[in-house]
2 protein chains.
Amino acid sequence: MEGRNLFFLMSIILLLIFTFLNLPSPLSHTTDQLLDCTTYSPWCSSRKPFFLRQPENSKNHYADFPNHPLDPLTIGEIQKVKKIVNSIAEFRIKGCVLHSVVLEEPEKEVVLNWRRGHRLPPRKAAVVARALGVVHVLSVDIETGRVTRRETGSYSGYPILTIEDMISATSAPFANSDFNRSIIQRGVDLADLACLPVAAGWYGKIEEKRRVIKVQCFTLKDTINFYMRPIEGLTVLLDLDTQQVIEISDGESIPIPKAANTDYRYSRIKKNKQKINLLKPISIEQPNGPSFTIENNHLVKWANWEFHLKPDPRAGVIISRVMFEDPDTGKMRNVMYKGFTSELFVPYMDPSDAWYFKTYMDAGEYGFGLQAMPLDPLNDCPRNAYYMDGVFVAADGTPYVRSNMICVFERYAGDIGWRHAECPITGLPIREVRPKVTLVVRMAASVANYDYIVDWEFQNDGLIRPKVGLSGILMVKGSPYVNMNEVNQNEYLYGTLLSENIIGVIHDHYVTFHLDMDIDGPSNNSFVKVNLQKEMTSSGESPRRSYLKAVRNVAKTEKDAQIKLKLYDPSEFHVINSNKKSRVGNPVGYKVVPGGTAASLLDHNDPPQKRAAFTNNQIWVTPYNESEQWAAGLFVYQSQGDDTLAVWSDRDRAIENKDIVLWYTLGFHHIPCQEDFPIMPTVSSSFEIKPVNFFESNPILNIPPNSPKDLPICKAAASA
Amino acid sequence: MEGRNLFFLMSIILLLIFTFLNLPSPLSHTTDQLLDCTTYSPWCSSRKPFFLRQPENSKNHYADFPNHPLDPLTIGEIQKVKKIVNSIAEFRIKGCVLHSVVLEEPEKEVVLNWRRGHRLPPRKAAVVARALGVVHVLSVDIETGRVTRRETGSYSGYPILTIEDMISATSAPFANSDFNRSIIQRGVDLADLACLPVAAGWYGKIEEKRRVIKVQCFTLKDTINFYMRPIEGLTVLLDLDTQQVIEISDGESIPIPKAANTDYRYSRIKKNKQKINLLKPISIEQPNGPSFTIENNHLVKWANWEFHLKPDPRAGVIISRVMFEDPDTGKMRNVMYKGFTSELFVPYMDPSDAWYFKTYMDAGEYGFGLQAMPLDPLNDCPRNAYYMDGVFVAADGTPYVRSNMICVFERYAGDIGWRHAECPITGLPIREVRPKVTLVVRMAASVANYDYIVDWEFQNDGLIRPKVGLSGILMVKGSPYVNMNEVNQNEYLYGTLLSENIIGVIHDHYVTFHLDMDIDGPSNNSFVKVNLQKEMTSSGESPRRSYLKAVRNVAKTEKDAQIKLKLYDPSEFHVINSNKKSRVGNPVGYKVVPGGTAASLLDHNDPPQKRAAFTNNQIWVTPYNESEQWAAGLFVYQSQGDDTLAVWSDRDRAIENKDIVLWYTLGFHHIPCQEDFPIMPTVSSSFEIKPVNFFESNPILNIPPNSPKDLPICKAAASA
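No experiment lies behind these values; they were computed from the predicted model shown.

Take the overall build of chain A next. The helix and strand inventory of chain A stands at 12 helices and 33 strands. In chain A, which comprises 720 residues, the proportion classed as buried is 68%. Long-range pairs, those at least 24 residues apart, make up 68% of the contacts in chain A with a sequence separation of at least 6. If you sum the accessible surface of chain A, you get close to 24,300 Å²; carbon and sulfur atoms cover 50% of it.

Below is the structure:
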C-alpha cells in the first residue's frame, strides 16, 4: 500500500502545482468532480469566442436554443435527457453509465425540407447507456420526455470508453500489490508513475465478454514527456468495470530511457543550445475582419459556400448540408449532406507480447472529439479565427463544455487561384492573376501521445480539401541498445533507434472519411469510375503508337465501387447526378481526388485488420443508410469486425441512381526517424472533393485581383 | 499577298493599342527591336527590387560583378561573350544564331571549395551556336577571350528554339498563298489570325534533318482568349530556317467555337452576371519586414537555410549549394548541390492527324525559363516578396532582362509546425504549439496556353517541398458538336466537351526534377530503398498474424534505383551518407517523399515516349556527371531519345558510396472538365525532400510560439 500512498502524495503535489498554475488536473478527480465543469477545468469556463457576427447571440452560444435541425444538444437539452433517463428505474441504479448522448439527427428528408423560419423538427437524443452489463441504445424525445426506441446492441464490442473509464484505468493498477512490486523492482518510484489505457481491441485469442483493457506505464520523473520513458514489457490487463487487475505480463526488464532532451516545453528549453535562426513576426491580417459569418454558432457562410458545422464527441467535426450558391443561377446547390472522420486505424508493426495489441481505432474506442482539446489561439489557428465550443456529456449524464474545440478561419498562403500571362511568343498584353483565399475548419485531437490536426478546407471554386496532420509524440519502445552498432545483423528492432534506449516503432495511420455526397440533391446519384486505359493505335492510323483513353464505368452495385488505387491503372472517381446534365450535356458531378494513398497491407484475417476491414479498400460507396455512419461499426471497443463498412459493402447492394455515400481513407506509413524525437514535426496528407462539370465554367472568373489599396497598413505591435 | 497586308495592318493596330497601353508587343518586332531591351518591353526597364538587405548593392543587381562562382552571366559578361564569338569568322556570318549563352558552371569541386572572399574561379560561358546548319557547343573563357572547348553535337535533335524562331513561326505561314486561301475559305479574316508553333517533336515517321515545326492557328476575333477559337484541322509544316511552308495539312472544316464567355480579363468580365460573394482583404503581413536576406542578389539566407538561387533560360529556377546550419553544432551542412526542373513532358492523348504531335518538352524545346514572364506583385506573390530578374540572351548574342522573373517570400498559412496537448486522460497542463512559417521561391512560366507555377518551399525543420501548379488555358480541339446528345455512342472524343464546339483533350503533365543530393558532402552518398514488406507471424508467435517489416536495400547500380512506385509494395527512398552516422548509429540522410505520382502509361516504343523515356520511372539515381543535366538530352527539339536519362541509367553504372543525383518526376493526368473553361483554376502537386536521421532530434524544438505582442497592428488601407 506504500505505492498507493505515494501515488496520492504525488497527486496532491501535482494538484497543488496545477492549482497554483490555474491549470486543469483531472488525474486525481473523482467522477463527481469531473462532472462539475467549473471545478474540472478552466477550459470549461464559459469563455466567449472573440468573433461573432451577431454579438447579441454571443453571450451564451451553447444556450438552450437550437436553431437548426442539426444543431447539437444544448446544455439544457442534455440536462433534460439526464432526467428522462434517470426516470427509468433500470437506469437509476448505481453503475449505470451513459457512454454517449448526442443529437439523434432527424431523418434526412426532414432536414432537407426544413427551411429557416420553420419550426424545428422534434428534438431527440441518441443515448447509449450501459446498466448491469447490458448496452441499451435509446432514442429520447426531449419534448415529450418519452423513450421512443430502445434496443440492445446486437453486434460484438462495447460502446466508446467514457473519460471516466480512461481515467480510472490510470489509477486502478496501483491497487494491485504485484503491480506495485513489479514497478519498484524496476527501480521506479510509484510517485513518478503515469499509466495509460493503451489498447482496447480484440485480438482473436479469447473472447472476454467483459470490458478488459491493457494498461502500460511510464515514468514522469524529470520530464513531462513521460511517453519517452516507457516501463517496457510490463502490461496490465484490467477489468474496467471491477477495476480488478486480471493479469500482469511482466517481461524482462529493459532499461528505462533517460529523461534528458525529452522535454519540449518552451519554458524549459529556451536555454537549450539549439542554434535556430529565429524569424520575425508574420501574420495573416484582415483589416476589415473575416469574410465568413457564423449564424447561430453553427451555420457557416463564406464565399458561395454554406454549411452546418458542429462538434461531435466521436467524429470530432461534423460538416453537414454543404451547399454552393451557383454563380450562374444564384441558386443554392447541394454538394454533400454530411462529411466527417468516421474512424481511424493505427496499427503498430510489432507482434511482440507488449506491442501486438497496439492497433487503435481512436474515434470508436476513445472518442476523436472527446480528445480534441482547446485550440491555442495564434498558434493552432491564426488571428481572426472563430472558436466553437463543444458540449459533451459525462458518464452520469451531466453536460460539460470543451471550449475552443473547433476553429474557423480564412487562409491566404500566397497561392494562386488561377493565372495566365501571355508568353513571349505572342507578347499579348495579358497578365491576369487571382490570389487564392480559402476557408479552414480545424480541430486538433490529442489521442494520448499523438496529435491529429483535422482540417476541412473550402475553396471559392467549389473544391473541398479534407486534410489530416500528424504531430505530437511517438509511441516508443524501450530498448537495451544505445547505439545501432550493438545490434546484431539478424535482429530486427521493429522500428528506428531514435535516441539511447528508445525505439520508434513502425506504424500506419488510416483516417476514414464518411462523405455523404448529394450532388444536386440526394436522389439519382451514381458513382462513375473514369478509367484511363492505354490504347494502341492500329497500323497506319497515326505516327503515335499509343494514347490514354478515358472509359466511363457506372458502378451498379457496391462491389463495383470497392476501389484499390493503382498508379499504373489510373482512374478518376466521380459522383454524378444521373438526372442532371450541364448545358452541353455532361453529367454534373464531383470527383474525389486521392491523396495520402498508403494502403493497409495487413493480412485480412489478422484480427486488427478484420476489425478495421474498412481500410481494405481506399474507396467504397454504399447506399445511404442512416445506421451506417461508423466505418468500424457502432461498437468498436473489443469489436470483432462483424459490423464494419466492409461487411455492409459486401452485401453488394445497388448503388446506381440512388442516394449514395462515398468513403475515402487517407493513409500514412510511418517509419519513425530521429527528427520525430522528442516531438514530431507535423506530417500532413489531404485529398480533394472537386467539382467536375458541376459548374458550366470556371466559377471564379470574376473575382478581382489584389491591388495595393486593398491591403492593410500595419505597424509592429512592439512599436505601438 | 492580301493576307500579308492584312497581317501588317493588324500588327499596326495592335501596336497602337499596345503603345497606348504601354504594354509589350513583340508580335511585330524585328530581331533588332527585340534585342533593344527598353524598346522591347517595359518589363525590361531596370526596375529595382523593393527589398534588398544591402541597399548599396541594389542599384543594378544584374551588373558586371558576379559575386559567387554560380552567379549567372551578367549583362557585361554576355556582351563580352558576344564579341568573342563574333571574332570567330565562322560565327560572324549571317544566319549564325546563338541558341544558348549561360554560365558554364565551374567544376563541382571548385565550387565546393570556394569560400566567400576567395577570388572567383575563371568565368566561362557555355554557348550553343548554330552556323550553316551545324551546331557548335562552345566553352568561352570570358577573361582570356578564348574558346577553350568546341564540339559539334553528336546526338539527334536541335538546340532549344530561340524566341526569334518562335516569333518567326507565327508569321511565316502568311507568306504562303495556299495557307491564306485556306484560312479565308474557312471564313476567317487573316487580320484576326494568331498562329503558334505548336509542336517541335520527332514522330518516328520521317527523319527531316532540318528544323521543321508544326504551326496551327486560332482566331483572335472578339476575344483575347484565341486558344478557345482554334482553326481545327489546319496544320502547317514549316521549315524554320528557310521560313518556307513545307506542307499544309487541311482537314475537314470544323466550326470555329464562338468567342462568347471566353474572355477572362477582369476589365472585361466585371459586368458579368456571375454571382460571386466577394471576400474582404486578406494579406500576409510582416511589420518588421521579412526574415530572409539575399546577398548579392543570389545568395538566400533564411532560418537555418542558405542556398544560391538563379534564373536559367532552360530550367527556369536553379537552386544550388543548399546547406542547413545544424542546430546542434552550428555547422553548415550540405544537403543538395543543385536542384531544378530538368524537363517537362506533356503528351496529348489524341492520335489524330492534327493532334498526334502535341507532346511537349517545354524546357528543352521552348525554354522553361525563357517563358517565365514577370510576376504580378500582390497576386503572384504576397507582399514583402523579393523579386529577381533574369538576364537572357537574344539570338544574336545581345543580353536582355526579364524583370521580376522569380520571387522569394515567406509564407504563413495558419499551419502548425508541431504541437502537443495532453489529453483528458492525463489532464497534464500541456499545450505547446508552434506555427509553421516557410520560405517560397516561385516562378511562373507561360508556355503558350499553359501556366506552370513552380515553387520551392523550404521549412525551418529541414524539409524542401518542390511544387508545381498548373493554371492558364487548355489546348482545345474544335468540334462539330454543341451537345453530348449529338455524339454517337461509339464515337470517342479524346476529351470532354467543355462548351459548344470545344473539346478539352485529355493529356498528361510530367515535370522531372534533377536533384543532386549531397548529404554531408558529395562523397559516399548511397540510395537506399526501405521497403515495407508484409510479414506473417509464425504459428503461436503472437495473436497478431501480420505486420509490416522495414527491409533496407542499398542500390548498387543504376538499375537497382529505377523505381516505379507501387501503393501495395511501399517503400521509403533515402539518400544517405554511408560514412556518417548519427549519435545512436543511424546513417544520416534525406528521403524523397513521393507526391503527384501519376505515371506515364504510353508505350515505350511510341516515339514521344522514347524521347521522354525519363518518365518511364518515377525515380532514378545516376552517378554525378556534369554532362547529365537535362533528362531529355542536351538537344531536345526533334530528338529521337538517344540521349535521355533512361539511356544513361541503362548503362547501369555503380552508384553506391558515390556522388549521386536523384531524379524525381511529378505527374498529372488531366481529363479536362467544364470548370477548366475558359481558364483553369490552379491544380497543384508536390513532393518532399525530407531529413531522415539527418538531425539528432527535432531541429525546431526551441522556436517560440506566437504571442499577441508579436503580431502587427493593422488598419484598412482605405481608412488610412
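Residues and elements named next belong to chain B. Of all seven residues in strand 5 (residues 193-199), seven are buried, a share of seventy percent or more. In the sheet, strand 5 pairs with strand 6 (residues 212-219) via six bridges, with the strands oriented antiparallel. Pairing of Cys195 across the sheet is with Cys217, part of strand 6.

The next point concerns the relation of the copies chain A and chain B. For these two chains of identical sequence, chain A goes onto chain B by a turn of 180° and a shift of 0.0 Å along the axis, with RMSD 0.0 Å. Put plainly, the chains are arranged around a two-fold axis. Taking the C-alpha atom as reference, chain A places A:Cys714 closest to the rotation axis, 2.0 Å from it. Taken together, the interface assignments show that 100% of the residues at the interface of chain A recur at the interface of chain B, consistent with an identical surface on both copies.

As a further point, take the interface of chain A and chain B. Taken together, the contact between chain A and chain B spans 207 residues of the former and 207 residues of the latter. In total, chain A and chain B occlude about 18,600 Å² of area from one another, counting both sides; carbon and sulfur atoms represent 59% of this. Contact with chain B buries surface across chain A, with A:Ile282, A:Ile425 and A:Arg544 losing the most and accounting together for 5% of the total. Between B:Glu500 and A:Arg583 there is a salt bridge; the shortest N-O distance is 2.8 Å. At the boundary of chain A with chain B, the tally comes to 122 residue pairs in polar contact (both at pLDDT 80 or more). The biggest single contributor to the side of chain A that touches chain B is strand 17 (residues 399-421) of chain A, with 14 residues. Its residues placed into classes, the side of chain A that touches chain B shows 113 nonpolar, 47 polar and 47 charged. The pairing of strand 9 (residues 283-285) of chain A with strand 9 (residues 283-285) of chain B spans three bridges and is antiparallel. Note that in strand 9 of chain B the partner of A:Ser283 across the bridge is B:Glu285.

Once that is clear, we can look at the domain arrangement of chain A. Residue and element names in this part refer to chain A. In terms of domains, chain A is made up of domain 1 (2-32 + 162-262), domain 2 (46-152) and domain 3 (295-411 + 438-710). Across the contact, four residues belong to domain 1 and four residues belong to domain 2. Buried area between domain 1 and domain 2, both sides added, is near 250 Å², and the carbon and sulfur share of it is 51%. Together, Thr162, Arg211 and Asp241 form the three largest contributors to the area buried by domain 1 at its contact with domain 2, with a combined 96%. Taken together, the links from domain 1 to domain 2 amount to one salt bridge. Here the residues of the side of domain 1 that touches domain 2 sort into no nonpolar, one polar and three charged.

All names here are of chain A. With respect to the helices and strands, Ser342 occurs in strand 14 (residues 332-347). Side-chain polar atoms of Ser342 contact the backbone nitrogen of Ala631, separated by 2.8 Å. When neighbours within four sequence positions are excluded, Ser342 is seen to be in contact with Ala363, Thr512, Phe513, His514, Gln629, Trp630, Ala631 and Trp663.

Attention now moves to the environment of A:Asp415. Among the structural elements, A:Asp415 can be located in strand 17. Exposure remark for A:Asp415: the relative accessible area of 14% places this residue in the buried category. In sequence terms A:Asp415 and A:Pro435 are 20 residues apart; their C-alpha atoms lie 6.0 Å from each other. If near-sequence neighbours (up to four positions away) are discounted, A:Asp415 is found in contact with A:Pro435, A:Lys436, B:Arg411, B:Arg442 and B:Lys467. A polar contact of 3.4 Å, which involves the side chain of A:Asp415, links it to the side chain of B:Arg442.

The element helix 7 (residues 163-171) of chain A is extensively covered by neighbouring structure, given that nine of its nine residues are classed as buried. Of the positions making up helix 7 of chain A, those classed as buried are A:Ile163, A:Glu164, A:Asp165, A:Met166, A:Ile167, A:Ser168, A:Ala169, A:Thr170 and A:Ser171.

Turning to the sheet that holds strand 1 (residues 97-103) of chain B, a few remarks are in order. All names here are of chain B. Pairing is antiparallel across the open sheet formed by four strands, whose spatial order is 1-2-3-4. Edge positions in the open sheet fall to strand 1 and strand 4 (147-152), since each of these has one partner strand only. For this sheet, the mean angle separating the axes of adjacent strands, direction not counted, is 15°. Where strand 2 (residues 124-131) and strand 3 (residues 134-141) come together, eight bridges link them in antiparallel fashion. Considered in strand 3, the bridge of Arg130 is made with Val135. The sheet strands contacting helix 4 (residues 75-86) are strand 1, strand 2, strand 3 and strand 4, and the helix crosses strand 3 at an angle near 125°.

Looking now at the nonpolar core. In this structure, A:Trp456, A:Phe458, A:Phe527, B:Trp456, B:Phe458 and B:Phe527 are the most contacted members of the largest nonpolar core, which totals 288 residues. The residues touching B:Phe527, leaving out its near neighbours within four places in the chain, are B:Asn553, B:Val554, B:Ala555, B:Ala561, B:Ile563, B:Phe573, B:His574, B:Val575, B:Ile619, B:Val621, B:Ile660 and B:Leu662.

Turning to the pattern of salt bridges, a few remarks are in order. In total, this model carries 96 salt bridges over all chains according to the counting rule given. Taking the shortest distance from any N to any O, the salt bridge between A:Lys301 and A:Glu306 comes out at 3.9 Å. Overall, A:Glu306 belongs to the buried group, its relative accessible area being 17%. Between B:Glu285 and B:Arg383 there is a salt bridge; the shortest N-O distance is 3.1 Å. With B:Glu285 in strand 9 and B:Arg383 in the loop between helix 10 (362-365) and strand 16 (386-393), this residue pair connects regions lying 98 residues apart in the sequence.

Cut-offs and rules
Residues numbered from 1 in each chain as written. Chains lettered and ligands numbered in written order. Predicted model: local features only at pLDDT ≥ 70, side-chain atom pairs only at ≥ 80, totals over all residues. Heavy atoms only, no water. Helix = DSSP H or I, 4+ residues; strand = E, 2+ residues; numbered from the N terminus. Buried < 20%, exposed > 50% of the residue type's maximum accessible area, 1.4 Å probe, protein only. Contact = heavy atoms within 4.5 Å. Areas by Shrake-Rupley, 256 points an atom, 1.4 Å probe, with all protein chains shown as cover. Pairing = 2+ DSSP bridges. Least-squares fit on C-alpha atoms with pLDDT ≥ 70 in both. Buried area = accessible area lost by both parts, 1.4 Å probe. Salt bridge = Lys/Arg side-chain N within 4 Å of Asp/Glu carboxyl O. Polar contact = N/O pair within 3.5 Å; in protein donor to acceptor, adjacent residues only side chain to side chain. Nonpolar A, V, L, I, M, F, W, Y, C, P; charged D, E, K, R; others polar. Domains from an automatic or database assignment. Axes fitted to C-alpha atoms, helices over the stretch in contact; angles between N-to-C directions. Core = buried A, V, L, I, M, F, W, Y, C linked by side-chain atoms within 4.5 Å.

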